[in-house]
Amino acid sequence: QQQVKQSPQSLIVQKGGISIINCAYENTAFDYFPWYQQFPGKGPALLIAIRPDVSEKKEGRFTISFNKSAKQFSLHIMDSQPGDSATYFCAASKRGGAQKLVFGQGTRLTINP
Amino acid sequence: GAGVSQTPSNKVTEKGKYVELRCDPISGHTALYWYRQSLGQGPEFLIYFQGTGAADDSGLPNDRFFAVRPEGSVSTLKIQRTERGDSAVYLCASSPRTSKNTGELFFGEGSRLTVL
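A brief structural summary. This is a predicted model, so every value here is computed, not measured. (Residues numbered from 1 in each chain as written. Chains lettered and ligands numbered in written order. Predicted model: local features only at pLDDT ≥ 70, side-chain atom pairs only at ≥ 80, totals over all residues. Heavy atoms only, no water.)

What follows is about the interface of chain B and chain A. Contacts between the two partners involve 20 residues from chain B, matched on the other side by 19 residues from chain A. Of the roughly 1500 Å² buried between chain B and chain A on both sides combined, carbon and sulfur atoms contribute 53%. When the area that chain B buries against chain A is broken down by residue, the three leading residues are Pro 43, Phe 107 and Glu 109 of chain B, summing to 27%. In this structure, the connection of chain B to chain A is made through two salt bridges. Between Asp 56 of chain B and Lys 100 of chain A there is a salt bridge, with the nearest N and O atoms lying 3.1 Å from each other. Going through the elements one at a time, strand 4 (31–37) and strand 5 (44–50) of chain B are the ones with two or more residues in the side of chain B that touches chain A. Broken down by element, the side of chain B that touches chain A gets its largest block of residues, three residues, from strand 4 of chain B. By residue class, the composition of the side of chain B that touches chain A is eight nonpolar, nine polar and three charged. (Contact = heavy atoms within 4.5 Å. Buried area = accessible area lost by both parts, 1.4 Å probe. Salt bridge = Lys/Arg side-chain N within 4 Å of Asp/Glu carboxyl O. Helix = DSSP H or I, 4+ residues; strand = E, 2+ residues; numbered from the N terminus. Nonpolar A, V, L, I, M, F, W, Y, C, P; charged D, E, K, R; others polar.)

Given below as structure tokens:
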């Protein structure tokens, strides 16, 4: 059962452009929505996260937009740079003790110089 | 500072063999997780430890998989009678005490298991 669906699978953006990755979830008990960035041969690393009490969170060039009624959230990368080329995963988890994250399938982002 | 350390980084074994994968979490982190990442997929939850006990092992696929954390620090994931379908990257993550953490998991680089 796929609880978090992510799109697109791959994305190519020109340097300086805006990269947008979308996710949709099914379980309304989810209350924590992080984005992880993964470079080849490395483990995922937290990029930015949001809780459903806000509709947007911005950290530098990275912004999460959250639509609770639609059960969707997205990552926007402004002024995309070649160093942003990586695989991005959205995830979700429920309130409680464990960070039992449910991950999306991932988006391979390539920023062309 | 030192991050989550996983050994071996690569393991090639034959079908039917026994495998152990080790995780050394960040010092002071009481929560430890194992995830499995198949090629081209997102990580999938396997098991969660809070201290020495397995608080949630609902992600373990079957009884060939077992994990321990005897002293509340280092953890070992054990796979018996390996099958080709077990081939994946096994990721370990740790986090501080649940009541204080921000939700962030700190992942290691993973152990890539290949079953021939």
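Pairs may arise between side chains of opposite charge once their charged atoms sit close together. All names here are of chain B. Tallied over the full model, the rule gives seven salt bridges over all chains. As a salt-bridge pair, Arg 64 and Glu 83 come within 3.5 Å of each other at their nearest N and O atoms. Residue Arg 64 is found in the loop between strand 6 (53–56) and strand 7 (65–68), and its partner Glu 83 is found in the loop between strand 8 (75–79) and strand 9 (88–95); the two are separated by 19 residues along the sequence. Salt bridges sharing partners connect three or more residues here, namely Arg 64, Glu 83 and Asp 86.

Glancing now at the packing of aromatic side chains. Counting across every chain of the model gives 17 aromatic pairs over all chains. The interplanar angle of 70 degrees and the centroid separation of 5.7 Å between the aromatic rings of Trp 35 of chain A and Phe 73 of chain A together place this pair among those described as edge-to-face. Here Trp 35 of chain A is found in strand 4 (residues 30–38), whereas its partner Phe 73 of chain A is found in strand 8 (residues 72–77), with 38 residues between them in sequence. Among the residues examined, Trp 35 of chain A registers a relative accessible area of 0% and is labelled buried. Judged by centre distance (6.4 Å) and plane angle (70 degrees), the ring pair of Phe 103 of chain A and Phe 107 of chain B falls under edge-to-face. Residue Phe 103 of chain A is found in strand 10 (residues 102–103), and its partner Phe 107 of chain B is found in strand 10 (residues 106–107); the two belong to separate chains. Judged by relative accessible area, which is 9%, Phe 103 of chain A ranks as buried. Taken together, Tyr 36, Phe 89 and Phe 103 of chain A together with Tyr 33, Tyr 35, Phe 45, Tyr 48 and Phe 107 of chain B form an aromatic cluster joined through their ring pairs. (Phe/Tyr/Trp six-rings, centres within 6.5 Å; stacked < 30°, edge-to-face > 60°. Buried < 20%, exposed > 50% of the residue type's maximum accessible area, 1.4 Å probe, protein only.)

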